[in-house]
Amino acid sequence: MALCANTCKLYLDSRPNGCRTGGRGRRTGRANVVVKATASSEVAEYEAGPLERPKWAGETPLSRVVGAIISFKPIYTLLKIGARRVLISTAEKKDIPWREMTQEILESDVYKEFETVQNSSLVYPDYYLSPFHAYDEGNLSWLAAAEAEPATISMAMRSAPEVTSMDEANKILRGNWLKRIKQHLEQHSGVPAIRDIIDIGCSVGISTRYLAKTFPSAKVTGLDLSPYFLSVAQFKDKQRPSMAHPIQWVHANGEETGFPSHSFDLVSISFVLHELPQRATINMMKESFRLLRPGGTLAIIDQAPNSKILQELSPVLFTLLKSTEPFLDEYHLLNLEETIRKTGFVNVKSALSDARHRTLTATAPL
């Protein structure tokens, strides 16, 4: 799949009701993205919501009510089960073979990878041991690792509700993210070439492989706290053609990676920060700053607090969402751009890269 086409394209997005926009900036129905014919290095302009963050996040009355509901354990248990059912059924309605993909991993030889990736001396931070994503063990289970890829595909489809294929959804979700990175590199990078990349919180390696394909001459490292996820990443890598620079999979904490200072030209963090308490996010920004060479680039993609779609979620959906994301309020309350600036980064940029997510880029000063 071509991530960045060489020709001019129309990139579309719309509200969940399926209304579309026409070409050349024309709007039809109630679309929430300005559609323009763009050069291959440009990204469609997505319309932001009117609020700084969703009403269901933070210290609003609505958020407090949802928090009180979730804190009642019997209700929380039902919400967790409901959230999981909704996630799987929604994915399968989009023709994502969730159960088949999960079973394929669970019945494979993936378990043989565990000892080769696990750092048995690693001490997990307290927040990582909390239940989330409807798993009692969080990311520390084979089921969570086996379901990570179909869950990620489902996320891509939700980010581009007007498309009907996984490839088209990824062209928006991943393609626009990579374009934002390339734009920043062209405008602000102080390094002659991208030689070393680290993908912090790499999960089962989907974003890591996109980076490796986009920067084929770079050495790429995927780092994650879950040895289960890394086992899946390494197992899947062995099923693919070998690369000039094989991806290195590392079991470590993104707050304290253990790599020497100034080891990388690009630090990527994809869909991680909304799963962290604020203190961990701040530590991860400091570690990213330490890892980057002068002129290097930080690239983050995650939920956009100003996403119109997220701000307009129904009460049922945002309650289910918060029931599986214990640190979501902390994420939406943190001014991430200002946190990145205070860490020492310059050229901090933030923009919607699809209808639900923002891509933030920044530079380590020369």
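- In the annotation of an unreviewed UniProt entry, the protein is listed under the name Methyltransferase type 11 domain-containing protein and assigned to Trapa incisa.

### What about the overall build of the protein?
Phase 1: What the protein contains, in helices and strands, is 13 helices and eleven strands.
Phase 2: Taking as baseline every contact in the protein between residues at least 6 positions apart, the subset at least 24 positions apart corresponds to 74%.

### Quick notes on the pattern of salt bridges
Phase 1: A complete count under the given rule lists 17 salt bridges for this structure.
Phase 2: A salt bridge links Glu287 to Arg290; the shortest N-O distance between them is 2.7 Å. With a gap of three residues between them, Glu287 and Arg290 both fall in helix α9 (residues 278-291), about one helical turn apart.
Phase 3: Since its relative accessible area comes to 27%, Arg290 is described here as partly exposed.
Phase 4: Taken together, the shared-partner salt bridges connect Arg195, Asp196, Asp265 and Arg293 into one network.

### Details of helix α5 (residues 142-159)
Residues spaced three or four apart along an α-helix face the same direction, because each turn holds 3.6 residues.
Phase 1: With 18 residues, α5 extends 26 Å between its outermost C-alpha atoms, agreeing within 8% with the 26 Å of an ideal straight helix rising 1.5 Å per residue.
Phase 2: The sharpest bend along α5 reaches about 45° and sits at Ala148, with the proline Pro150 one to four residues further on.
Phase 3: Across the 18 residues that make up α5, a large majority, 14, are buried.
Phase 4: The N-cap residue of α5 is Ser141: its side-chain oxygen and the backbone nitrogen of Ala144 are 3.1 Å apart.

### Overview of the packing of aromatic side chains
Phase 1: Summed over the entire model, instances satisfying the criterion amount to ten aromatic pairs.
Phase 2: Pairing Trp142 with Tyr228 gives two aromatic rings, centres 5.0 Å apart and planes at 85°, and the pair type is edge-to-face. On the criterion of sequence distance, the pair formed by Trp142 in helix α5 and Tyr228 in helix α8 (residues 227-238) is long-range, its members being 86 residues apart.
Phase 3: Ring pairing ties together the aromatic residues Tyr111, Phe114, Trp142 and Tyr228, which thus form one cluster.

### Observations regarding the pairing of strand β5 (residues 196-200)
Phase 1: Most of β5 is tucked away: five of the five residues are buried.
Phase 2: Residue alternation in β5 divides its side chains into two sets, Asp196, Ile198 and Ile200 and Ile197 and Asp199, and both sets are buried.
Phase 3: Bridge count between β5 and strand β6 (residues 219-224): five bridges; the pairing is parallel. Looking at β6, one finds that Ile197 is bridged to Val220.
Phase 4: Assessed by its sense of winding, the connection that carries the chain from β5 through helix α7 (residues 206-214) to β6 is right-handed.
Phase 5: Bridging between β5 and strand β8 (residues 264-270) involves four bridges; their strand directions are parallel. Bridge pairing in β8 places Ile200 opposite Ile269.

### Overview of the environment of Thr208
Phase 1: Here Thr208 is to be found in helix α7.
Phase 2: Here the alpha-carbon distance between Thr208 and Thr221, two residues 13 residues apart in the chain, equals 7.6 Å.
Phase 3: Those residues in contact with Thr208, other than ones at most four positions away along the chain, are Asp199, Cys202, Val220, Thr221, Gly222, Ile247 and Trp249.

### Considering the packing of α5 against helix α6 (residues 166-188)
Working note: a packed helix pair is described by the angle between its axes plus the distance between those axes.
Phase 1: The geometry of α5 relative to α6 is characterised by a closest axis approach of 8 Å and an angle of 75° between their N-to-C directions. Here α6 runs roughly perpendicular to α5, going by the angle between their axes. Where α5 abuts α6, its residues Thr152, Ile153, Met155, Ala156, Met157 and Ser159 lie against Met166, Ala169, Asn170, Leu173 and Arg174.
Phase 2: Partitioning the contact of α5 with α6 into residue classes produces seven nonpolar, three polar and one charged.

### Quick look at the packing of helix α2 (residues 73-93) against helix α11 (residues 315-324)
Phase 1: Running from N to C, α2 and α11 cross one another at 105°; their axes reach a closest spacing of 9 Å. Looking at the two axes, α2 sits roughly perpendicular to α11. Between α2 and α11, the contacting residues are Tyr76, Leu79, Lys80, Gly82, Ala83 and Val86 on the first element and Thr319, Leu320, Ser323 and Thr324 on the second.
Phase 2: Within the contact of α2 with α11, the residues separate by chemical class into five nonpolar, four polar and one charged.

### Quick look at α6
Phase 1: Between its terminal C-alpha atoms α6 stretches 32 Å, which fits the 33 Å expected from 23 residues at 1.5 Å a residue.
Phase 2: Where α6 bends most, at Gly175, the angle is about 30°.

### Points about the confidence of the model for the protein
Phase 1: With 89% of its residues at a pLDDT of at least 70, the protein reaches an overall mean of 87.
Phase 2: Segment residues 1-39: pLDDT under 50, and 99 contacts once partners within four positions in sequence are set aside and those in other chains are kept.

### Remarks on the nonpolar core
Phase 1: Formed by 91 residues in total, the largest nonpolar core has its most connected members in Ile181, Phe215, Ile269, Leu273, Leu298 and Ile340.
Phase 2: It is α5 that contributes the most residues to this core, eight residues altogether.
Phase 3: Other than its neighbours up to four places away in sequence, Leu273 contacts Thr281, Met284, Met285, Ile300, Asp302, Tyr331 and Leu336.
Phase 4: Counting twelve residues, the second-largest nonpolar core is a separate cluster that includes Val66, Ile70, Phe318 and Leu328.

### Observations concerning the pairing of strand β10 (residues 346-352)
Phase 1: Where β10 meets strand β11 (residues 357-363), five bridges bridge the pair, whose relative direction is antiparallel. Directly across from Val346, in β11, lies its bridge partner Thr363.
Phase 2: Counted between consecutive antiparallel strands, the loop separating β10 from β11 contains four residues.

What counts and how
Counting from 1, residues in each chain are numbered in the order their sequence is written. Owing to the predicted nature of the model, reporting of local features is limited to residues with pLDDT of at least 70; listing and counting of side-chain atom pairs is limited to 80 or more, with chain, interface and lining totals taken over all residues. As a convention, hydrogens and water are excluded, and side-chain values are obtained from all of the structure's heavy atoms. Numbering of helices and strands runs from the N terminus, with a helix taken as a DSSP run of H or I at least four residues long and a strand as a DSSP run of E at least two residues long. For this analysis, residues touch if any pair of their heavy atoms sits within 4.5 Å. The term salt bridge refers to a side-chain nitrogen of Lys or Arg lying within 4 Å of a carboxyl oxygen of Asp or Glu. Burial classes follow relative accessibility: with a 1.4 Å probe on protein chains only, a residue under 20% of its type's maximum area counts as buried, one over 50% as exposed, and anything between as partly exposed. Every helix has an expected span of 1.5 Å times one less than the residues it contains. We define the bend at each residue as the angle formed by axes fitted to the 7 residues ending at it and the 7 residues starting at it. Between N or O atoms, a polar contact is any pair within 3.5 Å; within protein, one atom must be a potential hydrogen donor and the other a potential acceptor, and residues adjacent in sequence are included only when both atoms are from side chains. Here the aromatic set is Phe, Tyr and Trp, taking the six-membered ring for Trp, and pairing holds for ring centres within 6.5 Å; pairs whose planes are under 30 degrees apart are stacked, those over 60 apart are edge-to-face, and all others are tilted. Strands are labelled as partners when DSSP assigns at least two bridges between them. When the strands point away from the viewer, a crossover counts as right-handed if the route from the first strand across the helix to the second turns clockwise. What counts as an axis is a line fitted to C-alpha atoms, over the stretch in contact for a helix, and the angles between N-to-C directions run from 0 to 180 degrees. Convention used here: angles under 35 degrees read as roughly parallel, angles over 145 as roughly antiparallel, angles from 65 to 115 as roughly perpendicular, and any remaining angle as oblique. Any residue that is not Ala, Val, Leu, Ile, Met, Phe, Trp, Tyr, Cys, Pro, Asp, Glu, Lys or Arg is counted as polar, Gly included; the first ten are nonpolar and the last four charged. Within a predicted model, pLDDT stands for the predictor's per-residue confidence, ranging from 0 to 100. By nonpolar core we mean a set of buried residues, namely Ala, Val, Leu, Ile, Met, Phe, Trp, Tyr and Cys, connected to one another through side-chain atoms within 4.5 Å.

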